[in-house]
Structures are given as structure tokens and as C-alpha cells.
Amino acid sequence: MNLYLGIDFGTTGARSTVIDSQGTIHCETEYTFANNGQQQPELPSVWQNALWDSIEQIPPAIRNQVRAIAIDGTSSTVMLCNTDGIPVCEPILYNDARGAAVTERLRAIAPDNHTVLSATSSLAKLLWLQEGGHGGTAPTVFLHQADWLAFLLHGKLGISDYHNALKLGFDVDTLCYPNWLTQGIAGAATPELPQVVAPGTPVGEVRAQVGDRFGFPRDCMICAGTTDSIAAFLASGVNLPGEAVTSLGSTLAVKLLSHTRVDDSRYGIYSHKLGDLWLVGGASNTGGAVLRHFFTDVELDNYSTQIDPAQESLLDYYPLLKKGDRFPINDPNLPPRLEPRPSDSVEFLHGLLESIAQIEARGYQLLQELGATPLTKVYTAGGGAKNSVWSAIRKRYLKVPVVTPVHTAAAYGTALLAMRSVTD
Ligand code: ADP
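Draft legend 1. Seen up close, the overall build of the protein chain. A tally of helices and strands in the protein chain yields 13 helices and 17 strands. Scaling as 2.2 N^0.38, a compact globule of 424 residues should have a C-alpha radius of gyration of about 22 Å, and the protein chain matches this with 22 Å. Based on the C-alpha atoms only, the size of the protein chain along its principal axes is roughly 60 × 55 × 40 Å. Here the protein chain, with 424 residues, has 50% of them falling under the buried criterion. Considering only intrachain contacts with a sequence separation of at least 6, the fraction spanning at least 24 residues in the protein chain is 71%.

Below, the structure written as C-alpha cells:
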């Protein structure tokens, strides 16, 4: 049988999924990083161990039928390597805002409103590494987490995909690095930028040493990867313009498949290229973290069943844990609005769920006002997806069907990417 392996490197650990060409799951594994991946100097070995362990957990009889492998990583987690692929300094994680120190230079280099204009963008991190001389004087290669992990499997250094490279400034319209970028970073300690290919592009057969160690077929293909959030979108199976995935995890993130590209850094909105279409997304600070602040998951389940979703709550909140949001309202000083708080917990939860639903609907409305394809259907992922009362409330505001996808795991989406890379 032909099988396909997707490996997801998320914020807390690595998960893998093996599927067949029908999309049926044959094996799933899970590996949790020690220290939540925060012990930075040792991160490359943490990731490498996670990669080998994830593969080892897959039974040998399955491994020897794997035809293709792809890896997704957290977006904007980056590193500098020497020309042998050995990291020369600690990687910088996706949420690390040390790039704020190079804001002025970043603004001088990048066009107004560009996606890279953020303290956590890959480009901000590259400039920070460059200014601090962290790469030393020998030649270096700049890579994303997923690029480096795939390199461990195929041995070809310096290859990325245009999902990971978006926040580095790669231009997905012209499929090259723009001049403002290459000229802007030119200088003494400039690392080599990775060559960028489409996510899922076959890059090379598994290294003989890795293939022998784990029993992969000799011609098992290692493919270019993607980011963890796009992998989760791919898992949903959404492929029609107008369809969207809302992730109701700790925060609220929306992604709408669109004929048109929309980018607006004011609201943190940007578009990933997905075949001939665009995946337009935005993320709000509201979401499940606020619910978890007030309720346990058991209380969320119990109280939700006592809510009548057809009944509108008159409580008008903007649920945040601290001030500030970017999407759909761009206001760093936006205060959390959680008053008045009724004594009845069910009523309070109703107000919170309804207010988050309104923020979600406003988010989709904003994407459409800025030119995205009109919304036709919303799939839901994340911890909030299992709350059917909430889905009914959301449907009232979104005015389109709200459904739960069969698959939501990023590793599943990345396995699909691997499968399509060798079967399409
Ligand atoms: P993340 O990976 O972003 O941390 P998850 O996708 O695991 O988040 O979802 C966790 C969130 O889901 C928590 O913040 C929790 O409040 C929320 N959650 C859990 N159960 C429910 C429920 N029944 N209804 C609504 N939200 C829930």
C-alpha cells in the first residue's frame, strides 16, 4: 500500500499522521517538548529528537510503505545555520518579539503596510540576527523551522516553501524575493536566503542514512512543507472559494479561501497563496482563553447546554484578557469589555459566546469589505468546535452553514500535502 506521512511541529510538541491515498488514517503519534520548547539554546536538539521519536513511534510495517513525507512548523520560527546545516545560534521562536529592536530599519526597508512589518516577522528576526552579528563571519543560511527539519530528512540545505517564506518578504505574485528585500539586507553579515518552492513540491528522496535507520523505501520523497496553521486549514478539506475555517482555540482566527488576495497590515490581515486561490486570514485576541479565565471546560459544557441559542443575549462584551486588539478592530488600547456581569453564570456565558460570535462575524465582514470572496460556509476547528450551542449562535450572526470538519489536525493536513505531491 502507498502511505503518506505528515509531521506537525506545533507550539507544544510534534504530532504525526500517516494516511493512505483515500485519506484514511493508519497511524498517529504524539511527542511533547520538554519545557514547552522554551529552552532556547537546545531547541534544535529538542526538535531533532522529536522528529526521530515521532518516526520511531510509527510501526516499522507502516514506515516501509511511506512514499512521501512533509513537515509543517510554527510560522516565523527561524534559525541561522552554517553551510553544513548546523545551527550557529539559538533559533528564534514564532512569538519572540525581539525584532522590535530593529523596527526603524525594517520600516526603512519594507513597503508601507507590508506583512513583514511586525516585530515577530521572519524578516525582523533576520535583521536582528544580522545587526547583532549572531551568524559570525563564516557564510550562513537563514531557514525556517520546517525547512531545517525537512533538511534533516532530505539533506538539501536552503530550501523553503512560500507559506513559511511569506513573513520573510518573499513575493508570491512574482515568485521571487523582491529587490527592496535583497538590497535592504545586503551587507557584511548577510545570510543566504532559502530557495523558495511551492508547498508540497517534491524536494528529494530521503537520505540513505535516514531511510536505512527507519526502514523507509529508498525512493520515499521528502516534500516542501507549510506552516502549522495552514496545515490545519488543509486538514479541513476546504477547497471552494467562499468557504472558511474559524479556529476557536485560545484565540480566534479566521481563514477564508478567496479568488482575490487581501493584505492589510493595519488589521494584521494577509493572504497565503494556495494553488490558484488565496487564503485570507486574520486573528483576534478574543477567544477561548477568556472563557477559560472564567469557566472550567466542564462548566463550559454544562452551562452551554442551558443556553437557548435562538435567544439573543443583550449583553454586549468585547472579551479580552488584556487591552488591545488588531482584528477586526485595530486599536492597541481597546479595553476588555466584560461588564455588566450578571450573577447567573449561564447568562454570563451566553453573553461571552454571543459577543465572540459577533467579533467573528465582523471579522469575515471586514475581509469581504476589503475584497475577499463572499462567505458561503464556515468550518470550525479548535476547542470551541465541539460546542454545538455556540455553533448555533454563530450561525445566527454568520448567516451561512457552520459545520465541523472531519479532520482538524495539522499533521493530517500535512500528510495530505505529502500525498498530493506524489499523486497529483
Ligand atoms: P489552543 O491550541 O489555541 O490553546 P484549543 O484548540 O486546544 O486551544 O482550545 C482550547 C480552548 O477551547 C480553551 O481556551 C477553552 O476555553 C475552549 N473550550 C474548551 N471547551 C469548550 C466548550 N465546550 N465551549 C467553548 N469553548 C471551549
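Draft legend 2. How the structure looks around helix 4 (residues 122-131). Burial runs high along helix 4: 9 of the 10 residues are buried. The complete set of buried residues in helix 4 reads Ser122, Leu123, Ala124, Lys125, Leu126, Leu127, Trp128, Leu129 and Gln130. Summarising the contacts, the buried residues of helix 4 are in contact with strand 5 (78-81), helix 3 (103-109), strand 6 (141-144) and helix 6 (179-185).

Draft legend 3. Here's a closer look at the domain arrangement of the protein chain. Along its sequence, the protein chain is carved into domain 1 (3-229 + 411-423) and domain 2 (241-404). Summarising the inter-unit geometry, the C-alpha centres of domain 1 and domain 2 are found 29 Å apart. With 9 residues of domain 1 at the interface, the matching set in domain 2 holds 8 residues. Of the residues in the side of domain 1 that touches domain 2, the class split is 4 nonpolar, 5 polar and no charged.

Draft legend 4. Up close: the nonpolar core. Core analysis: the largest hydrophobic core is formed by 125 residues, its most contacted members being Tyr4, Ala68, Ile69, Cys223, Leu256, Ala415 and Ala418. In terms of residues, this core owes the most to one element, helix 11 (residues 345-369), which gives 11 residues. Taken domain by domain, the makeup of this core includes at least three residues from each of domain 1 (3-229 + 411-423) and domain 2 (241-404). When neighbours within four sequence positions are excluded, Ala418 is seen to be in contact with Tyr4, Leu5, Gly6, Ala68, Ile69, Ala70 and Cys223.

Draft legend 5. Geometry of helix 8 (residues 228-236). When you tally the buried positions in helix 8, you get 9 out of 9 residues, the bulk of the element. Taken together, the buried positions of helix 8 are occupied by Asp228, Ser229, Ile230, Ala231, Ala232, Phe233, Leu234, Ala235 and Ser236.

Draft legend 6. Structural view of the site of the ligand. The immediate surroundings of the ligand are formed by 16 residues, with Gly249, Gly288, Gly382, Gly383 and Asn387 found nearest. Going through the elements one at a time, helix 9 (288-294) and helix 10 (297-305) are the ones with two or more residues in the shell around the ligand. Residue composition of the shell around the ligand, by class: 4 nonpolar, 8 polar and 4 charged.

Draft legend 7. Up close: the sheet that holds strand 16 (residues 377-381). Spatially, the 6 strands line up as an open sheet ordered 14-15-13-12-16-17, and their pairing is mixed. What marks the edges here is a single partner per strand, and that holds for strand 14 (270-274) and strand 17 (402-403). Both strand 13 (residues 252-258) and strand 15 (residues 277-284) contribute to a ladder of 7 bridges, which runs antiparallel. Across the sheet, Ser258 pairs through a bridge with Trp278, a residue of strand 15. Contacting strand 12 (243-248), strand 13 and strand 15, helix 11 runs over the sheet at an angle of about 30 degrees to strand 13.

Draft legend 8. Focus on unusual backbone geometry. Here the bond from Phe327 into Pro328 is cis, since omega is 0 degrees, no more than 30 degrees from zero. Counting through the fold element by element, Pro328 comes out in the loop between helix 10 and helix 11. A cis amide bond, omega -5 degrees, links Glu339 with the succeeding residue Pro340. Locating Pro340 in the fold gives a position in the loop between helix 10 and helix 11. Look at Leu175: it is not a glycine, yet its phi comes out positive at around 55 degrees. Looking at where Leu175 falls in the secondary structure, it is placed in the loop between strand 7 (159-161) and helix 6. Backbone geometry places Lys399, a non-glycine residue, at a positive phi of 60 degrees. Examined against the element boundaries, Lys399 turns out to sit in the loop between helix 12 (388-398) and strand 17. For Lys399, a count of 10 C-beta atoms within 10 Å corresponds to the exposed category.

Draft legend 9. Seen up close, the pairing of strand 4 (residues 66-73). In terms of residue burial, strand 4 counts as a mostly covered element, since 8 of its 8 residues are buried. As paired elements, strand 1 (residues 3-9) and strand 4 share 6 bridges and run parallel to each other. In the strand pairing of strand 4, Leu5 is matched with Ile69. Direction of pairing for strand 4 relative to strand 10 (residues 221-223): parallel, over a ladder of 2 bridges.

Each value, and the rule that gives it
- Residues numbered from 1 in each chain as written.
- Predicted model: local features only at pLDDT ≥ 70, side-chain atom pairs only at ≥ 80, totals over all residues.
- Helix = DSSP H or I, 4+ residues; strand = E, 2+ residues; numbered from the N terminus.
- Rg over C-alpha atoms; globule rule 2.2 N^0.38 Å.
- Buried ≥ 20, exposed ≤ 12 C-beta atoms within 10 Å, placed from the backbone.
- Contact = placed C-beta atoms within 7 Å.
- Domains from an automatic or database assignment.
- Nonpolar A, V, L, I, M, F, W, Y, C, P; charged D, E, K, R; others polar.
- Core = buried A, V, L, I, M, F, W, Y, C linked by C-beta atoms within 7 Å.
- Near = placed C-beta within 6 Å.
- Pairing = 2+ DSSP bridges.
- Axes fitted to C-alpha atoms, helices over the stretch in contact; angles between N-to-C directions.

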